[in-house]
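Each chain, letter by letter, is given below.
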Amino acid sequence: MGGAGQADVEGFALSQQPWGGRFGEEPDPLIDQFTGSLDVDRRLFREDIAGSRAWAKALVRAGVLTPDEQSRIDQALREIETEFAAGDSSEGEDIHMAVEKRLREKLGPLGGKLHTGRSRNDQVALDLRLYVRAAGTQLLEALAGLESALIARAEEHLDTVMPGYTHTQRAQPVLLAHHLLAYVEMLRRDRGRFADALGRADASPLGAGALAGSGFPIDRAELARDLGFAAASANSLDSVADRDFVVELLAACSIAMIHLSRLCGEIVLWTSVEFSFASLPDALASGSSMMPNKKNPCAAELVRAKSGRVAGDLVNLLMVLKGLPLAYNRDLQEDKEALFDGVDTTLTCLHVTARLVQGLRFDRDVMRKAALEGYTLATELADYLSRKGLPFRDAHHLVGRMVAEAIATHRGLESFSLAELQRFSPLFGADIVDHLTLEGALGSRDVVGGTAPARVREALAHVKA
Ligand code: ARG
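Residues numbered from 1 in each chain as written. Predicted model: local features only at pLDDT ≥ 70, side-chain atom pairs only at ≥ 80, totals over all residues. Heavy atoms only, no water.

Enquirer: Help me understand the pattern of salt bridges in this model?
Expert: Opposite charge on two side chains allows them to pair when their charged atoms are near. Here the structure, examined in full by the defined rule, presents 37 salt bridges. Through salt bridges with shared partners, a single ionic network connects Glu79, Glu83, Lys101, Arg102, Glu105 and Lys106. (Salt bridge = Lys/Arg side-chain N within 4 Å of Asp/Glu carboxyl O.)

Structure representation (structure tokens):
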């Protein structure tokens, strides 16, 4: 078949599809546009060029290119990288073809030698792993940034008391620092998940060829080292078909986003007039176009919502992979939008949440007052009685009656005098006053992981180390 355009070598026109030799028709424009992915994968140009530069060196070691050819290819690839970075748009079905087209425009027939022994299937698998490696590093940094913000606020609020909740009902007093450090624990586990995912992504698929392995004597181990990978991947079919490493990164993103959604959900609650535990600086909130009174925690709400979007990205990719026969299938091209969106969204949300945490203004007095309301010292009374020998079930029942009376008479448990307490049980002694306070309640939760101030200080020191 002929095909229009200037031939750079006999039979192969620059403007022609690389598979034009086998095809007798020009591509249908609709199908051509539908199957192309350059709009999406253009952002892999750095990874693609890094892979090609390493591949050219491997081709010298395999005796395919001379050192002089390799250095001309390398120079041209560096120029192309600069062009892409400046936004110049080359054409092609995808980023791999677009780079190759520019290379052939610059080098003529020599540009057509680079793809020896390589397929876009191992090429794209490599590009994605390089992308995941860089994205994972950025995500780890952003997670650490949010952790630092939470730790700094925890340190400021080592003596701020708030109600701890179960069922969104006031339950027992806790330190605000303890509550904030709960999120630090989640984020530390998130970092572990990202590090773990990166560890498994750390293998180079290049040299797997289209599916069966390169037909040229490529030293895949050295190529892997050259690209900064721990090893070459073990099985060529798996190398071009596997997207586990993307799934794992998106799964780690999804879990982290769920954590952010819970934190931001609490920011929404805390900054409501109903709670009034905290307020956001004007710069971190939004107003209403109609109601002049409104100050809305829109950024926190959006993080809460975007957690679902990232979970959607994960499910999207899982559905692409489900039931796919080995090895490469064009379905896999659909991995990129999910990956890019998941990473972009998670990174932005980590930065936004850190900003919100840094900016929150906590109202210590409101929190302290709320910590006492809701009979939150009831468990202290029950624990006190069971320490004096009353079986806990009986203590629970007895204190339940006290709470019922307190509710009926509109009083707080802490307002009961010793004589009144002794009406319920003779086991109450003068030392009960030490327990019927917020500080007494906090201090008694003195176990590893508890909210006793000394334990929270210890936990803070641990996460800071
Ligand atoms: N654009 C493709 C992708 O992202 C690259 C590999 C295409 N391979 C092929 N044989 N058509 O997956």
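Enquirer: So what exactly am I meant to see when it comes to the site of the ligand here?
Expert: The full set of residues close to the ligand is Ser37, Asp94, His96, Arg120, Asn121, Val124, Tyr328, Arg330, Gln333 and Lys336. Between the ligand and the protein, one listed contact pairs a nitrogen atom with a side-chain N or O atom of Asn121 at 2.9 Å. Measuring from a nitrogen atom of the ligand, one finds a side-chain N or O atom of Gln333 at 2.8 Å. Here the ligand loses 86% of its free accessible area of 340 Å² to cover by the protein chains. (Near = heavy atom within 4 Å. Polar contact = N/O pair within 3.5 Å; in protein donor to acceptor, adjacent residues only side chain to side chain. Areas by Shrake-Rupley, 256 points an atom, 1.4 Å probe, with all protein chains shown as cover.)

Enquirer: Sorry if this is basic, but what is going on with the packing of helix α4 (residues 67–85) against helix α5 (residues 95–107) here?
Expert: The packing of two helices is summarised by the inter-axis angle and the distance between the axes. Here α4 crosses α5 at 120°, and the two axes come no closer than 10 Å. Considering the angle they form, α4 stands oblique to α5. Here α4 runs over α5; the crossing is right-handed. Along its contact with α4, which presents Arg72, Ile73, Ala76, Leu77, Glu79, Ile80, Glu83 and Phe84, the element α5 presents Ile95, Ala98, Val99, Arg102, Leu103, Lys106 and Leu107. (Axes fitted to C-alpha atoms, helices over the stretch in contact; angles between N-to-C directions. Helix = DSSP H or I, 4+ residues; strand = E, 2+ residues; numbered from the N terminus. Parallel < 35°, antiparallel > 145°, perpendicular 65-115°, else oblique. Left-handed = near helix turned anticlockwise from the far one by under 90°. Contact = heavy atoms within 4.5 Å.)

Enquirer: Could you clarify how one ought to interpret α4 in this entry?
Expert: Since the α-helix advances by 3.6 residues per turn, residues separated by three or four positions end up pointing in the same direction. When the terminal C-alpha atoms of α4 are compared, their 27 Å separation across 19 residues agrees well with the 27 Å that a helix rising 1.5 Å per residue should span. Turning to α4, its buried residues are Glu69, Gln70, Ile73, Asp74, Ala76, Leu77, Ile80, Glu83 and Phe84. Buried positions along α4 lie against α3 (45–61) and α5. Following α4 by one or two positions, Gly87 has its phi on the positive side, about 95°. (Expected span 1.5 Å × (residues − 1). Buried < 20%, exposed > 50% of the residue type's maximum accessible area, 1.4 Å probe, protein only.)

Enquirer: What should I look at first to understand the packing of aromatic side chains in this one?
Expert: For any pair of aromatic rings, geometry is given as the distance between the ring centres together with the angle between the planes. Counted under the stated rule, the structure contains 7 aromatic pairs. Here the aromatic rings of Tyr165 and Phe275 are separated by 5.9 Å at their centres, their planes lie at 45°, and the arrangement is tilted. Highlighted residues: Tyr165 in strand β3 (residues 161–166) and Phe275 in the loop between α10 (244–270) and β7 (278–279), separated in sequence by 110 residues. Judged by relative accessible area, which is 27%, Tyr165 ranks as partly exposed. (Phe/Tyr/Trp six-rings, centres within 6.5 Å; stacked < 30°, edge-to-face > 60°.)

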